[in-house]
Amino acid sequence: MTVVLLEVRDLTVSYPAREGAVPAVRGVDLTLEPGDTLGLAGESGCGKSTMAAAVLRLLPPGTRTTGSVLLEGEDVLAMRPGRLRAVRWTEAAIVFQGAMHALNPVRRVGDQIAEAIRLHDKVTDKQAATRVGELLEQVGLPARRAASYPHELSGGQRQRVMIAMALACSPRLLIADEPTTALDVMVQAQVLALLEELGRELGLALLLITHDLSVLAATCERIAVMYAGRIVEEGPAAAVFDAPAHPYTKALAEAFPTIGDRASRRNPHGLGGDPPDPRDLPSGCEFHPRCPVSVAACPTLDLELWPAGEGRRAACVHVRDGNLELVRQATPVPVGEDAPAHPGAAPLDWEPTP
Amino acid sequence: MTATQPAPTPSAAAQEPILEVRDLHVHFGARRGGRGPVARAVDGVDLQVQPGEIVALAGESGCGKTSLARAILGLVEPTSGEVLYRGKPIGRGTAALKPYRREVQLVLQDPTGALNPRQSVYESVAEGLRIHGVKGDEEALVEEALARSGLRPPRRFFLAYPHELSGGQRQRVVIAGALALEPSMLVADEPVSSLDASVRGEILALLLGLVRDLGLSILVVTHDLGLAWNIADRLAVMYLGRIVEQGPTEAVLAAPRHPYTRALLSVVPEVHHLEHQILAGEPPDPTRVPGGCRFHPRCPALASGEAAQAGVDDRCRNEQVPILRGVAEHHAACFLTDESVKKEGGSRVGT
């Protein structure tokens, strides 16, 4: 039996604050096998970036963490500092959003990649330079780019450098936190294609975090959706995206329209209200104040992830009660307080291809 | 704020454009004597916005869409060409531009950066009224603008500060600041790109509602083709300083003609009707605009031999592609895929 690459069990993270601890992650379970690609979706403040940082124990001092993060069977949360340093980069590496801020602006990118290599391997300058060249080519940049400074590179190229750096110590798990958020569509497609290819060729497991569900659906095998610090739905990517079992997932999936779909033409879909304040969470199902299909039971519900079809689970009372149809038929919340949905889409002179 | 005006009918929209851009060029960095490298950020653009119309100007970063928007607002002086508002040139200089700047309001991308953190919502919205010396009951005007932007009850927000608001609420305050001046047109630069997915739809619906209820015209600058699908009547796609394709949103997105538009659209995760086509590399620097068709070095149709088969590859490499007129029909600046460009050539295409 193989050891699971990453197993997160009942993880909670809370940040210190004057008025008491603020819970950011509230009991999350996740499993990644070697070569898996898992997408973690959710809006700002849902706890997804905290999750990513917790896996490598990169949280600020004073943060309270409970539960366990097992990386190849070893608990990251219980590691001694020396062991932790060894595990970061070599077993799991992370690529952050905003590559322009993560690179040192006054050092050549090759030197910065070499530094990551030297952290873990005793190599000569020449060996390091060769390895830097290999890594750059692996991420689709010419080896001579090692001599460039970050400002000489475009956003997409800097993100490739960040990925090269993450690969420097041949990790088995790559965590990418909004790796394409600030990038153009075409460059985003290039970076996502690169991540997929690396996953395939190096057998890397990938934990991809973004607010854009459509990106995850196109890139990952499985998706987990977070709301208010908990996973509210998980399952195979295509199934979750195409037929969400949780009304929040449905709203997220509809936020970005399918181009060519008449229903969304001149009819943007939104979700009323704002994400909840983690210091003052709604009772029961945290989503109930914004939910288009909430019922009387929701404010007092004891949430758990109920089975919602093959390989799928969702934390919604309608899933528990076997009324999935209710979620599917949920019409998106009317957008804006005084803005009823646009009366029908304009007539089209073509039919969208199915 | 005036009472609800009837939304213009499509036939009314065919009259005089509210905004017209003619052969606009914005070049940067030419040193005296014109020797140093010149970045041709906007390099010959015609564009029209009809009353009550939402036009989306789409393209990747560096394509010149923001420079074009800035020139339209009079924030940067065009190198040549002109911007006409209701048929008249917008003029140059602060004094000449002042009445125009009341009529055409800018909505910025990042509401957090656009709002002064030490100003209350009331002050932020009232600022424009004071700058333009608007007479009348200031409090009532602010209240109405906030209500129109969906912040209700408006008085509850008067004394709030930006840090107390969510991202979506901040963007509504920015929009209220623009609406307070009763503009006839908004220029919105990436109005939802910094917002969360669930809030995005609400802000877009608000923009649609403003067109419907107040008859506003909107030029929305974006990299997001899904946004265009959601709200825009017409779509113009920019590449390296030029509009390479434009037409009714449905036509452009359902049957894109320009190979650049096709590729751009094919990589949007929500698009399923086109074969995935990732272009290598990035657009060249606007100081080095390629000769011939400016897209030809990256063009998949030229690389695959499709252009050669149609016998236009020489033209792609060597001939200037005519500038598309900012008109209603669907056109692409492409020798291969647009019949009138292929047949006529010349410096302008479109009637």
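Residues numbered from 1 in each chain as written. Chains lettered and ligands numbered in written order. Predicted model: local features only at pLDDT ≥ 70, side-chain atom pairs only at ≥ 80, totals over all residues.

### Quick word on the overall build of chain A
- When you go through chain A residue by residue, the secondary structure sums to 12 helices and 12 strands.
- Radius of gyration (C-alpha) of chain A: 22 Å, near the 20 Å computed for a compact globule of 354 residues.
- Each of the three principal axes of chain A carries a C-alpha extent, and together these read 65 × 55 × 45 Å.
- Contacts in chain A between residues at least 24 apart in sequence constitute 64% of all its contacts with a sequence separation of at least 6. (Helix = DSSP H or I, 4+ residues; strand = E, 2+ residues; numbered from the N terminus. Rg over C-alpha atoms; globule rule 2.2 N^0.38 Å. Contact = placed C-beta atoms within 7 Å.)

### Re the overall build of chain B
- Counting secondary structure elements, chain B contains 14 helices and 13 strands.
- The C-alpha atoms of chain B give 21 Å as radius of gyration, which agrees with the globular expectation for 351 residues (20 Å, within 12%).
- With respect to the principal axes defined by its C-alpha atoms, chain B has extents near 65 × 50 × 40 Å.
- Across the 351 residues that make up chain B, the buried fraction comes to 54%.
- Sequence-distant contacts in chain B: of pairs separated by 6 or more residues, those separated by 24 or more amount to 67%. (Buried ≥ 20, exposed ≤ 12 C-beta atoms within 10 Å, placed from the backbone.)

### Some remarks on the domain arrangement of chain B
All names here are of chain B.
- Under the domain assignment used here, chain B contains domain 1 (16-236) and domain 2 (256-349).
- Of note, the centres of domain 1 and domain 2, computed from C-alpha atoms alone, are 29 Å apart.
- Going through the elements one at a time, strand S1 (19-28), strand S2 (39-49) and helix H8 (225-231) are the ones with two or more residues in the side of domain 1 that touches domain 2.
- If one sorts the elements of the side of domain 1 that touches domain 2 by residue count, S2 sits on top with 8 residues. (Domains from an automatic or database assignment.)

### Considerations on the environment of Ala 239 of chain A
Residue and element names in this part refer to chain A.
- With respect to the helices and strands, Ala 239 occurs in helix H9 (residues 237-242).
- Put simply, Ala 239 and Leu 326 are 87 residues apart on the chain and 17 Å apart in space, counted from C-alpha to C-alpha.
- Residues within four places of Ala 239 in sequence aside, it is in contact with Gly 309 and Arg 312.

### Observations concerning the sheet that holds S2 of chain B
All names here are of chain B.
- Pairing is antiparallel across the open sheet formed by 4 strands, whose spatial order is S2-S1-S4-S5. Strands with a single pairing partner mark the edges of an open sheet, and in this sheet they are S2 and strand S5 (88-89).
- Here S1 pairs with S2 via 8 bridges, running antiparallel. In the strand pairing of S2, Phe 28 is matched with Ala 39.
- Against the sheet, helix H1 (residues 65-72) engages S1, S2 and strand S4 (80-85), with an angle of about 120° to S1. (Pairing = 2+ DSSP bridges. Axes fitted to C-alpha atoms, helices over the stretch in contact; angles between N-to-C directions.)

### Thoughts on the interface of chain A and chain B
- In this assembly, 44 residues from chain A lie in contact with 37 residues from chain B.
- Contributing elements (two or more residues each) for the side of chain A that touches chain B: helix H7 (185-202), helix H8 (213-219) and helix H10 (247-255) of chain A.
- Ranked by residue count, the leading element in the side of chain A that touches chain B is H7 of chain A, at 6 residues.
- Among the residues forming the side of chain A that touches chain B, the class breakdown is 21 nonpolar, 14 polar and 9 charged. (Nonpolar A, V, L, I, M, F, W, Y, C, P; charged D, E, K, R; others polar.)

### Side note on the packing of helix H6 (residues 155-167) of chain A against H7 of chain A
Residue and element names in this part refer to chain A.
- The geometry of H6 relative to H7 is characterised by a closest axis approach of 10 Å and an angle of 15° between their N-to-C directions. In terms of axis orientation, H6 runs roughly parallel to H7. Relative to H7, the crossing made by H6 is right-handed. Only Val 187, Gln 190, Val 191 and Leu 194 of H7 make contact with H6, whose side of the interface consists of Gly 155, Gly 156, Gln 159, Arg 160 and Ile 163.
- The class makeup of the residues in the contact of H6 with H7 is 4 nonpolar, 4 polar and 1 charged. (Parallel < 35°, antiparallel > 145°, perpendicular 65-115°, else oblique. Left-handed = near helix turned anticlockwise from the far one by under 90°.)

### Quick notes on helix H5 (residues 125-138) of chain A
All names here are of chain A.
- Along its 14 residues, H5 runs 20 Å from first to last C-alpha, staying within 8% of the 20 Å computed at 1.5 Å per residue.
- Looking only at H5, the buried set comprises Ala 128, Val 132, Leu 135 and Leu 136. Across the axial projection of H5, the buried residues extend over an arc of 95°, all falling on one side. Structural note: H5 exposes Lys 126 and Glu 134 on the side pointing more than 90 degrees away from its buried face.
- In this structure, the buried residues of H5 make contact with helix H4 (109-120) and H6.
- One or two residues past the end of H5 sits Gly 140, with phi positive at roughly 85°. (Expected span 1.5 Å × (residues − 1). Arc of directions from axis to C-beta.)

### Concerning helix H10 (residues 259-266) of chain B
- Counting buried residues in H10 of chain B gives 7 out of 8 residues, a clear majority hidden from the surface.
- Buried residues of H10 of chain B: Pro 259, Tyr 260, Thr 261, Ala 263, Leu 264, Leu 265 and Ser 266 of chain B, and no others.
- Against H7 of chain A together with H8, strand S9 (234-239), strand S10 (242-248), helix H9 (249-254) and helix H11 (300-303) of chain B lie the buried residues of H10 of chain B.

### Focus on the sheet that holds S10 of chain B
All names here are of chain B.
- The mixed open sheet is built from 7 strands, whose spatial order is S6-S7-S8-S3-S9-S10-S12. Each having just a single partner strand, strand S6 (104-107) and strand S12 (331-332) make up the two edges of the open sheet.
- Here 4 bridges tie S6 to strand S7 (residues 185-189), and the two strands are oriented parallel to one another. Residue pairing in the sheet places Val 104 in a bridge with Met 185 of S7.

### A look at the packing of helix H6 (residues 167-179) of chain B against helix H7 (residues 197-214) of chain B
All names here are of chain B.
- The interhelical angle for the contact between H6 and H7, taken along N-to-C directions, is 20°, at an axis separation of 10 Å. For the element pair H6 / H7, the angle class is roughly parallel. Crossing angle aside, the handedness with which H6 passes H7 is right-handed. Along the contact surface, H6 presents Gly 167, Gly 168, Gln 171 and Ile 175, while H7 presents Val 199, Glu 202, Ile 203 and Leu 206.

### Some details on the pairing of strand S4 (residues 64-71) of chain A
- Pairing geometry for strand S1 (residues 6-15) of chain A and S4 of chain A, over 7 bridges, is antiparallel. Of the residues in S4 of chain A, the one forming a bridge with Glu 7 of chain A is Leu 70 of chain A.

### Some details on unusual backbone geometry
- Of note, the amide linkage connecting Arg 152 of chain B to Pro 153 of chain B takes the cis form, showing an omega dihedral of -10°.
- Topologically, Pro 153 of chain B is positioned in the loop between helix H5 (138-148) and H6.
- If you check the backbone angles, Asp 10 of chain A has positive phi at about 45° while not being a glycine.
- Structurally, Asp 10 of chain A can be placed in strand S1.
- In this model, Glu 72 of chain A sits at a positive phi of 50°, which is unusual for a non-glycine residue.
- The topology assignment puts Glu 72 of chain A in the loop between S4 and strand S5 (74-75).
- Using a count of 16 C-beta atoms within 10 Å as the deciding quantity, one classes Glu 72 of chain A as partly exposed.

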